[in-house]
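Here is what each chain is made of, one letter per residue.
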Amino acid sequence: MTVQSPQSSPQSSPQQPAPPDVRPGRLGDHHLELRTDPRSDPRMVAALAPFGLDGAGAPPPVDRNSPREAQLAFLVEAEAGFEAVFAALMVDLPPVEGVERSTETFTGPGGDEITLFISRPSGAAGPLPGVLHIHGGGMVILSAAGPAYARIRDEIAATGVVVVGVEYRNGAGVLGAHPFPAGLDDCTAALHHVHEQRERLGISTLTLAGESGGANLALATALRAKQDGHLDEVDGVYAMVPYVSGLYGGTEAERERALPSLVENDGYFISCALMDVMAAVYDPGGRHATDPLAWPYHASVDEVGGLPPHVVSVCEVDPLRDEGIAYHATLQRAGVPASLRVVPGTCHAGDVIFRAAMPEVFAATIGDIHRFVSGL
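Starting from 1, residues in each chain are numbered consecutively following that chain's sequence as written. Only residues with pLDDT of 70 or above have their local features reported here, since the model is predicted, and side-chain atom pairs are shown and tallied only from 80 upward, although totals for entire chains, interfaces and linings are computed over all residues. Derived side-chain values reflect all non-hydrogen atoms in the structure, with water molecules and hydrogen atoms excluded from consideration.

### Points about the packing of aromatic side chains
Going by this rule: Any two rings among Phe, Tyr and Trp, with Trp reduced to its six-membered ring, count as a pair given centres within 6.5 Å; such a pair is stacked if its planes are under 30 degrees apart, edge-to-face if over 60, and tilted if neither. Per the convention used, a helix needs a DSSP run of H or I reaching at least four residues, while a strand needs a run of E reaching at least two, with both numbered from the N terminus.
Tallied over the entire structure, the rule returns eight aromatic pairs. Between Phe 82 and Phe 269, the aromatic rings sit 6.1 Å apart at their centres with planes inclined by 80°, giving edge-to-face as the arrangement. In this pair, Phe 82 is assigned in helix 3 (residues 68-90) and Phe 269 in the loop between helix 9 (261-264) and helix 10 (272-282), connecting sequence segments 187 residues apart. Clustering of aromatic rings is evident, with ring pairs tying together Phe 180, Tyr 243, Tyr 248, Tyr 282 and Trp 295.

Right, here's the structure in full:
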C-alpha cells in the first residue's frame, strides 16, 4: 500500500498568495486617483485640489448616444468650467515682459472672419522662427483668446519666436457648433495665410504647434498639407499631449489592448467618458473614425512619409500618453525626423498649465519648443 505524505497532499499544501499587480496607475489598482497615484507631482495635485480635480469626478450626464442637443449643452458647461480653472491658474502671474501683441483677421474658406493673435519679441529685427499655435479643447471647446493660451504664446515669443494663435471654429461651445472638418479647414487656411505673410510678419521658418485637440489639428494640418501638395508651407510640427485616436468609447478591455494609458490614467484630470462625448460631437456618427485628418493616430506609414521634423511630447499620468507615443512610432517607421518627450509626474497638459505651481516644468517645455523651432 502506498501512503501519500502530508507534504505532497493537495489538500494540505499551503495556498500561495497571489502576486501583487505591479502595473502602473489604475492598471494595477483600480481605486487609484490622481492624488493617490505615487507618480503624481504633489505640486500639481495641490494646484488641482481647490477645483476638485485631484480625484475622480462624476461621470458626464451624457454619452455618445445622447441627443446632440444634450451633448452640446453639456459641453457649453464644461467649457465654462475649464476656462474658469485655466484663468484661476494664471491669475496671479506677472505679465510676460518684452513681448508685443497684436490682433488681425482674414476671411476664411467659408466666408467667416478668422482671428489671429500675434505675439512677437519687442523690437526684434530680422526674420525669426515662427509658430502657428493651435489651442486645445478636444477640437470642440475653449478659445485662443483664453488666458492660458495667451500666456503660452507670450512665453514662447519671449524666447525669440513670432507666435500666431488661430481662433478656429469649434465643434461645440461658444465658437461652435461646427463639426469636422470646419476647425481643420480654418487651421489650414491660417497656415496658408501666415505662410504667404512670412515676410511681413518677420518669420523665417513656420512650425505648427498645439496641445491636446490643438495637437490633433497641428498633425492633421500637416497631413492635409502633404495631401494637397502644400507641404512646403510647414517646416516642423510640435505636438503636445496629442488627442488623436478617437478610441475613448470602447470597453476597458478594448482600450487596454489598444492604448493601455486609456485605462491606466483614466479619470486623471480628464476621463475617457468626457473625451468620448467630445469625439462624438466633433465627428457625429463616427463617420470619420479612421480618417487620419480627423484622428491622426490612424495615419499609415505611407501617409506620414515625407513630413517635416516633429516633436511629440506626452505626460506620464495622462490617459492620452500612449496614443502620442504610437504616433511618434509611426513617424519613426516612415523615416520622419521625430523626437519624443515624456514629462514625468504630470497629468494631461500639466507641463503647460501649471506655470505657477511647477515653473521649471513649464520652462522646460517652453525651452524645448524654442530649441526645436530655432534648429529648423
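So, next bit.
### As for the sheet that holds strand 2 (residues 113-121)
Just so we agree on the cut-off: In this description, strands pair whenever DSSP reports at least two bridges between them. Between the N-to-C directions of two axes lies an angle of 0 to 180 degrees, each axis being a line fitted to C-alpha atoms and, for a helix, fitted only over the stretch in contact. Note on contacts: a residue pair qualifies if any of its non-hydrogen atoms lie within 4.5 Å across the two residues.
Taken in spatial order, the eight strands of this open sheet run 1-2-4-3-5-6-7-8, and their pairing is mixed. The open sheet is flanked by strand 1 (99-107) and strand 8 (338-343), the only strands paired with a single partner. Mean inter-strand twist for the sheet, computed between neighbouring axes without regard to direction, equals 20°. Contacting strand 3 (128-134), strand 5 (203-211), strand 6 (236-240), strand 7 (310-315) and strand 8, helix 14 (residues 359-374) runs over the sheet at an angle of about 165° to strand 6.

### Brief notes about the environment of Ala 58
Spelled out, the test is: Only protein chains enter the calculation, and the probe is 1.4 Å; a residue is then buried if its accessible area is under 20% of its type maximum, exposed if over 50%, and partly exposed in between.
The residue Ala 58 is located in the loop between helix 2 (42-48) and helix 3 in this model. Residue classification places Ala 58 among the exposed positions, given a relative accessible area of 74%. With 209 residues separating them along the chain, Ala 58 and Gly 267 place their C-alpha atoms 9.5 Å apart.

### Re the pattern of salt bridges
Applied cut-off: Here a salt bridge means any side-chain nitrogen of Lys or Arg lying within 4 Å of a carboxyl oxygen belonging to Asp or Glu.
Taken as a whole and judged by the stated rule, the model has 22 salt bridges. A salt bridge links Asp 351 to Arg 341, with the shortest nitrogen-to-oxygen separation between them at 3.9 Å. With a gap of 10 residues between them, Asp 351 in helix 13 (residues 350-353) and Arg 341 in strand 8 connect regions that are remote in the sequence. Side by side, Asp 351 and Arg 341 carry an identical accessibility label, which is buried. Ionic contacts of the salt-bridge type, sharing partners, join the residues Asp 37, Arg 39, Glu 264, Arg 321 and Asp 322 into one network.

### Description of the packing of helix 4 (residues 147-157) against helix 14
Spelled out, the test is: Any angle between 65 and 115 degrees counts as roughly perpendicular, while under 35 counts as roughly parallel, over 145 as roughly antiparallel, and the rest as oblique. By convention the crossing between two helices is left-handed if the near helix lies anticlockwise of the far one by an angle smaller than a right angle, and right-handed if it lies clockwise. Gly falls in the polar group here, along with every residue not listed as nonpolar (Ala, Val, Leu, Ile, Met, Phe, Trp, Tyr, Cys, Pro) or charged (Asp, Glu, Lys, Arg).
Helix 14 packs onto helix 4 with a crossing angle of 60° between their chain directions and a minimal axis gap of 9 Å. Between helix 4 and helix 14, the angle is such that the two are oblique. For the element pair helix 4 and helix 14, the recorded crossing hand is right-handed. From helix 4, Ile 152, Glu 155 and Ile 156 reach across to helix 14, where they touch Phe 362, Ile 366 and Ile 369. The residue inventory of the contact of helix 4 with helix 14, partitioned by class, reads five nonpolar, no polar and one charged.

### Observations concerning the pairing of strand 5
Our working rule: Crossovers are marked right-handed if the path from the first strand over the helix to the second runs clockwise, as seen with the strands pointing away from the viewer.
Of all nine residues in strand 5, eight are buried; the element is thus mostly enclosed. When strand 3 meets strand 5, the two strands line up parallel, connected through six bridges. Its bridge partner being in strand 5, Ile 134 is matched across the sheet by Gly 210. Read from strand 5 through helix 7 (residues 213-228) to strand 6, the crossover connection turns out right-handed.

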